[in-house]
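# Close look at the chain arrangement
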Amino acid sequence: MERKEFRDLATPAEARAAIDSLSLEGGLERVSLEEARGRVLAARLDAELDVPGFDRASLDGYALRARDTFGADEADPARLEVVGEVHAGEEPDVALEDGQAVEISTGAVMPDGADAMVPVERTDTEGSEVLVRTSVAPGDNVMFAGADVAAGERALGPGTRITPRDIGLLSALGVDEIPVRGRPTVGIVSTGDELVRPGDDLESARGEIYDVNSYTIAAGVEDAGGEAVLYPHAGDEQDEMERILREAADECDLVLSSGSTSASAVDVIYRVIEEQGELLLHGVSVKPGKPMLVGRLQNSAYVGLPGYPVSAMMVFRTFVAPAIREAAGVPEPRAATVAGTMAREERYEEGRMRLMPVGLVEDSNDEPLVYPVDKGSGATTSLAEADGVVEVGPETDYVEAGESVTVRLFSPDVRPPTLLGVGEDDPALNRLLDGLENPRYLSVGTRPGLRRLREGVPDVAVAAGSIDRDIDAEELGRWTREWGLVTQAGNPHEVEGLADLIDRDLRFVNRTTDSGLRSSLEAALSDLAADRDASARDLREAIDGFDLGLRAHESPARKVIAGDADVGLGLRATAERLDLGFVSVDQQPVRVLANPDRTGKESVRELAAALEREFGPEADG
């Protein structure tokens with residue numbers, strides 16, 4: 001029998017290139033939420049409903065009209081008539097009028113007529129009345145519908161590896177099935193007449209050994225994100241080896257064999273590959289692991305590993321596992337803790353140990369920066385947007401910017417986002433983010449986004465409308481969006497412009513004061529006030545609902561759909577997507593501003609290139 005010799009050993013780079021040339025993709029599939037942990041999302045998921053889906057009390061206390069408490073204090077409390085009570089999980093059966101309050105439990109639905117609540121600790125009762133010893137403003141101690149996750153908001157992006165906290169977010173959104181990248185199936189065949197399965201009798205006198213590779217490699221495959229399939233071990237006889245390898249190739253994306261790869265006369269596996277497929281290389285200049293095969297077997301990829309367990313696992317970890325992870329969309333594993341420095345100061349003065357949810361972002365030197373992530377204990381996204389926890393001792397009043405901290409990751413495979421962005425919520429931005437690998441975007445609004453950029457935390461901030469102060473940042477690009485008034489389909493109230501909000505009895509729903517849209521609306525109202533020789537404040541007070549704003553760009557439109565408002569502040573793109581009416585008011589610029597210390601980051605450069613592709617060289621469309 002002709003003996004196969006090792007000649008012209010491939011370099012490690014050539015071996016990696018050969019494996020990269022093989023197709024290991026497992027396709028796409030849909031899985032239930034119960035099976036989603038560890039899978040990789042194949043497409044962006046947007047929230048289809050508000051979370052919470054109703055305005056709810058944040059504390060135990062009393063729901064009331066804020067204006068009934070104006071001026072109240074310890075010495076001169078407001079007296080309100082208690083007309084009922086509402087508990088979590090039940091629908092309110094009372095509507096408040098002036099001078100009335102309702103006893104309410106944490107998480108309960110706010111009754112009609114109430115726009116705030118006061119905690120029970122700031123009240124006393126006298127008969128059927130409650131004495132409120134503090135004043136509150138509209139919205140105080142209330143989590144409004146969509147405050148946690150807003151309908152239409154980007155929930156999770158493609159490429160997200162689903163973790164338990166992501167499952168919590170998806171559960172809150174009512175999602176029971178998601179599209180994921182298929183896990184590559186990997187057939188594992190150990191070869192050699194000397195191998196015996198663990199549990200079977202071993203005859204050492206014949207040189208038999210237990211099959212170690214099948215199980216260790218299978219565990220490595222699963223850890224890398226693949227699905228391992230164990231086949232009966234094959235002997236050194238060519239026909240039997242060919243039969244098992246062909247069966248594995250018919251059923252799997254990748255076939256891994258171990259053993260029978262050396263230049264011995266009895267090792268015939270390379271002949272099977274040459275006859276049934278294509279042998280790309282035989283032998284790599286590494287130690288251990290020289291006798292490695294790479295090729296194609298029928299329509300499957302094939303890699304032959306050395307027979308010695310240490311060599312087999314070294315080759316697997318070095319060359320094969322990264323390819324499986326790439327095909328499955330699984331990131332490289334990292335340690336369970338990360339040492340980093342605080343990106344900004346965080347104060348804490350409650351005298352208790354704090355488990356502070358934090359996110360990670362890498363600076364221009366690829367060093368981890370740590371920033372707090374906290375939207376309140378009732379917000380699911382506090383965890384969904386965090387990577388781990390920093391323990392803050394009870395004796396610590398604040399953690400300084402630049403201070404070294406240790407982050408305990410939620411899972412060992414957590415990795416920082418390639419790009420951290422903050423600022424305005426915008427549909428065009430979502431499309432840009434879809435083209436980046438593992439970005440994270442926090443829709444905090446224009447003003448908080450610019451503030452965080454000044455603090456040096458994010459890579460980029462997205463700002464809508466005019467910017468009223470100088471900021472040290474580099475503009476990567478911009479586009480314009482049309483904003484105005486969103487109405488019910490067909491515009492049944494025949495709204496023509498902002499004047500109708502002031503002069504007619506229309507229910508309006510606004511955006512929060514942090515939003516760039518809100519700023520543009522206030523500027524437009526100021527112009528209208530000048531035309532009317534009136535004060536902008538008087539015009540704002542004439543609009544029913546002006547002071548109560550919602551966070552995300554689709555939230556007002558959703559209120560209009562639900563019949564809770566006649567008109568909402570929004571974008572033409574939102575109205576068209578939801579088949580609603582739209583009355584244009586103006587155009588608004590949206591700018592992407594980069595942290596000047598991060599312009600060299602690869603992800604920032606990729607975003608700049610995406611902006612140019614989407615909106616042209618001037619990035620203005």
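A short tour of the structure in this document, coming up. (Residues numbered from 1 in each chain as written. Predicted model: local features only at pLDDT ≥ 70, side-chain atom pairs only at ≥ 80, totals over all residues. Heavy atoms only, no water.)

## What about the overall build of the chain?
The condition is simple: Note on conventions: DSSP H or I runs of at least 4 residues are helices, E runs of at least 2 residues are strands, and numbering of each starts at the N terminus. Each residue's exposure class comes from its accessible area (1.4 Å probe, protein chains only) as a fraction of the maximum for that residue type: buried when under 20%, exposed when over 50%, partly exposed otherwise. Contacts are assigned to residue pairs with any non-hydrogen atoms lying within 4.5 Å of each other.
Regarding its fold elements, the chain presents 15 helices and 35 strands. A buried classification covers 51% of the 621 residues belonging to the chain. By sequence separation, contacts in the chain at least 24 residues apart represent 72% of the contacts at least 6 residues apart.

## Notes on the packing of aromatic side chains
Definition in use: Working definition: rings of Phe, Tyr and Trp (its six-membered ring) pair if their centres are within 6.5 Å, and the pair is stacked with planes under 30 degrees apart, edge-to-face with planes over 60 apart, and tilted otherwise. Definition used: whenever NZ (Lys) or CZ (Arg) falls within 6 Å of the ring centre and also within 35 degrees of the ring normal, the charge is taken to sit over that ring.
The tally for this structure, following the rule as stated, stands at 1 aromatic pair. With a centroid separation of 4.9 Å and an interplanar angle of 10°, the aromatic rings of W479 and F615 are classed as stacked. Of this pair, W479 sits in strand 31 (residues 474-487) while F615 sits in helix 15 (residues 602-615), placing them 136 residues apart in sequence. Here W479 matches F615 in class, with each residue buried. One Lys or Arg, R347, reaches over the ring of Y398 and ends 4.7 Å from the middle of that ring. We note R518 situated over the ring of F546; from NZ or CZ to the ring centre the distance is 4.8 Å.

## Remarks on helix 11 (residues 516-532)
Put simply, the rule reads: To estimate how far a helix should reach, multiply one less than its number of residues by 1.5 Å. For the purposes of these results, a polar contact is taken to be a pair of N or O atoms within 3.5 Å, where, inside protein, one atom must be able to donate a hydrogen and its partner to accept one; residues adjacent in sequence count only when each atom of the pair is a side-chain atom.
Between its first and last C-alpha atoms helix 11 spans 25 Å; for 17 residues at 1.5 Å apiece the expected length is 24 Å, and the two agree. Every buried residue belonging to helix 11 is among G516, L517, R518, S520, L521, A524, L525, L528 and A529, and all of these are buried. Backbone nitrogen of L517 and a side-chain oxygen of the N-cap are separated by 3.0 Å at the start of helix 11; the cap is S515. Following helix 11 by one or two positions, D533 has its phi on the positive side, about 55°.

## Regarding the packing of helix 8 (residues 427-434) against helix 15
Note the threshold: Every axis corresponds to a line fitted to the C-alpha atoms, with the helix fit spanning only the stretch in contact, and the corresponding angles, defined between N-to-C directions, vary from 0 to 180 degrees. If an angle is under 35 degrees, it is roughly parallel; if it is over 145, roughly antiparallel; if it lies from 65 to 115, roughly perpendicular; otherwise it is oblique. Note on convention: the crossing is left-handed when the near helix lies turned anticlockwise from the far helix by less than a right angle, right-handed when the turn is clockwise.
Look at helix 8 against helix 15: their axes get within 10 Å of each other, and the N-to-C directions meet at 125°. Taken together, the axis directions place helix 8 and helix 15 in an arrangement best described as oblique. Here the hand of the crossing between helix 8 and helix 15 comes out right-handed. Contact residues: A428, R431 and L432 in helix 8; L607, A610, L611, E614 and F615 in helix 15.

## Examining the pairing of strand 28 (residues 419-423)
The line we're drawing: Any two strands are treated as partners once DSSP identifies two or more bridges connecting them. A crossover counts as right-handed when, viewed with the strands pointing away from the observer, the path leading from the first strand over the helix to the second turns clockwise.
Summarising burial for strand 28: 5 of the 5 residues are buried, a large majority. Of the two faces of strand 28, the one holding L419, G421 and G423 and the one holding L420 and V422 are both buried throughout. Pairing between strand 28 and strand 29 (residues 439-442): 4 bridges, direction parallel. Paired with V422 across the bridge in strand 29 is L442. Chirality of the crossover, the property in question, places the unit of strand 28, helix 8 and strand 29 among those that are right-handed. With 3 bridges connecting them, strand 28 and strand 30 (residues 460-464) associate as parallel partners. By the bridge assignment for strand 30, V422 is matched with A461.

## As for the environment of G187
Relative to the helices and strands, G187 is located in strand 13 (residues 185-190). In sequence terms G187 and S257 are 70 residues apart; their C-alpha atoms lie 8.2 Å from each other. Not counting residues up to four positions away in its chain, the partners in contact with G187 are V229, Y231, C252, L254, V255 and L256.

## Regarding helix 15
The following threshold applies: Each C-beta atom gives one direction from the helix axis, and the arc is the one those directions make.
Counted at 1.5 Å a residue, the expected span for helix 15 with its 14 residues is 20 Å, and the 20 Å between its end C-alpha atoms agrees. Among the residues of helix 15, those classed as buried are S603, V604, L607, A610, L611 and F615. Looking straight down helix 15, one finds its buried side chains confined to an arc of 115°; they lie on one side. Residues E602 and R613 are exposed on helix 15 and point more than 90 degrees away from its buried face. Buried residues along helix 15 sit in contact with strand 28, helix 8, strand 30, strand 31 and strand 35 (581-594). One or two steps after helix 15, the chain reaches G616, where phi turns positive at roughly 95°.

## Section: the nonpolar core
Definition in use: Take the buried Ala, Val, Leu, Ile, Met, Phe, Trp, Tyr and Cys residues and link them wherever side-chain atoms come within 4.5 Å; each set so joined is a nonpolar core.
Ranked by size, the top nonpolar core spans 31 residues in total, and within it I217, L254, L256, F316 and V320 carry the most contacts. If you list the elements that add at least two residues to this core, you get helix 1 (12-20), strand 13, helix 3 (213-223), strand 17 (254-258), strand 20 (300-305) and helix 6 (309-328). Considering each element in turn, this core owes the most residues, 10 residues, to helix 6. Discounting chain neighbours no more than four positions away, the residues touching I217 are I188, L256, S258, L305, A312, M313 and F316. Grouped together as the second largest cluster of nonpolar side chains are 22 residues, W483, V495, I543 and L571 included.

## Considerations on a negative patch on the surface
Under the convention used in this document: Exposure above 30% relative accessible area and the absence of a salt bridge qualify a residue for a patch, where like charges join within 9 Å and nonpolar side chains (Val, Leu, Ile, Met, Phe, Trp, Tyr) within 5 Å. For the area figures, the Shrake-Rupley method with a 1.4 Å probe applies, and any residue is considered shielded solely by the protein chains shown. One side-chain nitrogen of Lys or Arg within 4 Å of one carboxyl oxygen of Asp or Glu is enough to make a salt bridge. As used throughout, the charge tally considers Lys and Arg to be positive and Asp and Glu to be negative, leaving His and the chain termini uncounted. Charge placement uses NZ in Lys and CZ in Arg. For Asp and Glu, CG and CD serve respectively.
A cluster of acidic side chains, namely D60, E85, E90, E91, D93, E103 and E121, defines a negative patch on the protein surface. Summarising the element assignment, E103 is placed in strand 6 (residues 100-104). Taking the relative accessible area as the measure of exposure, E103 reaches 36% and is therefore partly exposed.

## A short note on the sheet that holds strand 16 (residues 227-230)
Within a sheet, each strand pairs with its neighbour through backbone hydrogen bonds, oriented either parallel or antiparallel. Read across the sheet, 6 strands follow the order 16-13-17-20-19-18 without closing on themselves; strand pairing throughout is mixed. The open sheet has two edge strands with one neighbour each: strand 16 and strand 18 (277-282). Shown here is a sheet whose adjacent strand axes are inclined to one another by a mean of 20°, direction ignored. Direction of pairing for strand 13 relative to strand 17: parallel, over a ladder of 5 bridges. Bridging across to strand 17, V189 finds its partner in S257. Running at roughly 160° to strand 16, helix 3 makes contact with strand 13, strand 16, strand 17 and strand 20 of the sheet.

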